[in-house]
Amino acid sequence: MKKFFFIPALFACLLNVAICQTAKTRKASPKTIDGHPGWIMQGNIYEVNVRQYTPEGTFNAFAKHLDRLKAMGIQTLWMMPINPISKVDRKGSLGSYYAVQDYTAINPEYGDFYDFKRLVAAAHTRGMKVIIDWVPNHTGADNKWLTTHPDFFVKGADGHASPPYNWMDVRQLDYKNVVMQDSMINAMKFWLVNANIDGFRCDVAWNVPGSFWTRCISALRKGRNIFMLAEGDKTYLHPSGFDATYSWDFFHAMVGVATGKRPATALDSVKWKYDSEYPKNALEMYFTSNHDENSDNGADYRIFPGAVHAPFAVLTFTIAHSVPEIYSGQEEPVLRAIKFFDRDPIEFKNYARAEFYKTLLSLRKNNPALAADASFRKVHIGDDNAVYAFVREKAGKKVLVVLNLSANTQNVQVSDASLKGSVYNVFAHKQQQLTGEPWTVEPWGYSIYQY
């Protein structure tokens, strides 16, 4: 273990500076807002696929993109699993990121422990946060616990550790085993203590008991203002301590609207479900793509092709209780499924969507009306089956969002007196007057008006 704590003198000096600057950044923002880390309320998440991000596929190569991402407005980096990948029952040439061989080690493909620690420090000096992908439901098929603690696993009829579902490259952990629970919590603490990360995205959180999450998250939060994101949407996840869950139902509703199978009003039913089933302060991660949807279902290049993407992206950044997410390469954009088990580097060249995202990220950061806890009010300005419009307000600030979620031109008209007057059209970059006069919105058109 000594190799994790020996730091060359020069790096130690740089790291101390980074830690001091990070501390100043943390001190400058409220510790919690509405029960969550204050920094996430107007923040965002960028999912980093280290394997595919650069030709080298390393932490050091990815670090060269930090200034670009910071300039675009990225705040929280979600690093896909950084642990070594099991070789037994491996899928493809490199295996699944989610088949973890060792919870307290670094995947050598990406570099070493110090490379990762330098990356975290570099992100912190830029005022960015770093969360890591954690895989608590299962381990890889040759994880060291299979040898040292075989009782940590669910056994099949043959007496051997069994895979969950049809995921044959991994083995299911047994959460009835309290020692295993303690070991899992200690492994997570390792990264908080030794790498100074800011939280976790927890894979398959929906298949891990709420009693564990309550105990685990409480232990991790002692002395740390960390952000916890659950992959899942079960109602027990928020009361168990997670700040945010996945907005799967809303995503699927967006897919239905984008493909013309459902009207825009379908989004209201999902929002009503979230408002009625989740705690009032619950946050949701909204997205148009992530590693699963890109690899498995072609999001966003197939599901939200061309002009279809933009209004739904705007929606994920502006809807109530949202923490918006961008997946690696969406700013390019990458218009293909990125391979999951083999090398398939992203080619960054055009950054065609970077300014679009920069506008949204800047607006969210600087306007409290788009904070996760700002109020939300639907408004009727046209055909509700095609036009989705709403107002967000907080701290004396207000925005009106107008989205045409259809392939047809739509006529719209503001009748609400509180919405008339001088406004700033964010994407048109100009001041204008909203009156009672009607106007048209092009197919898949979108506008945000600041008051």
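Placed above this text is the structure.
Heads up: these notes are all about the structure in this document. (Residues numbered from 1 in each chain as written. Predicted model: local features only at pLDDT ≥ 70, side-chain atom pairs only at ≥ 80, totals over all residues. Heavy atoms only, no water.)

## Observations regarding the packing of helix α7 (residues 178-195) against helix α8 (residues 210-220)
Rule in force here: Lines are fitted to the C-alpha atoms to define the axes, a helix being fitted only along its stretch in contact, and any angle between axes, read from their N-to-C directions, falls within 0 to 180 degrees. Starting at the N terminus, helices and strands are each numbered in turn, a helix being any DSSP run of H or I of at least four residues and a strand any DSSP run of E of at least two. Left-handed describes a crossing whose near helix is turned anticlockwise from the far helix through less than a right angle; right-handed describes the clockwise counterpart. Contact definition: two residues touch when any of their heavy atoms are within 4.5 Å.
Look at α7 against α8: their axes get within 10 Å of each other, and the N-to-C directions meet at 35°. Both α7 and α8 take part in a crossing whose hand is right-handed. Packed against α7, whose contacting residues are Val178, Gln181, Asp182, Met184, Ile185, Met188, Lys189 and Leu192, the element α8 presents Phe212, Arg215, Cys216, Ala219 and Leu220 at the interface.

## A closer look at unusual backbone geometry
Put simply, the rule is: Burial here depends on accessible area, computed with a 1.4 Å probe over protein chains only, as a share of the maximum for the residue type. Under 20% is buried, over 50% is exposed, and the range in between is partly exposed.
At the junction of Ala299 and Asp300, the peptide bond is cis and its omega measures out at 5° in the coordinates. Mapped onto the secondary structure, Asp300 falls in the loop between α11 (291-297) and α12 (309-318). Geometrically, the link from Glu332 to Pro333 is a cis peptide bond, its omega value of -10° lying close to zero. Positive phi values are uncommon outside glycine, yet Val204 reaches one of about 50°. Along the chain, Val204 turns up in the loop between β8 (199-202) and α8. Using a relative accessible area of 5% as the deciding quantity, one classes Val204 as buried. Its identity as a non-glycine residue notwithstanding, Tyr351 has a phi of 50°, on the positive side. Counting through the fold element by element, Tyr351 comes out in the loop between β12 (322-327) and α13 (354-366).

## Overview of helix α9 (residues 248-258)
Of all eleven residues in α9, nine are buried; the element is thus mostly enclosed. What α9 keeps buried is the set Trp248, Phe250, Phe251, Ala253, Met254, Val255, Gly256, Val257 and Ala258. Those residues of α9 hidden inside the fold are in contact with β10 (244-246), α10 (266-277), β11 (283-286), α11 and α12.

## Topic: the sheet that holds strand β9 (residues 227-230)
As a reminder, the rule being used: For two strands to be treated as a pair, DSSP must find at least two bridges joining them.
Sheet architecture is closed into a barrel: eight strands sit in the order β3-β4-β5-β8-β9-β10-β11-β12, paired in parallel fashion. Across the sheet, the mean angle separating the axes of adjacent strands is 25° when strand polarity is ignored. Sheet topology note: the β8/β9 ladder contains four bridges and is parallel. Looking at the pairing, Gly199 lines up with Phe227 of β9. Strands in contact with helix α5 (residues 113-125) are β4 (76-79) and β5 (129-134); relative to β5, the strand with the most contacts, it is inclined by about 140°.

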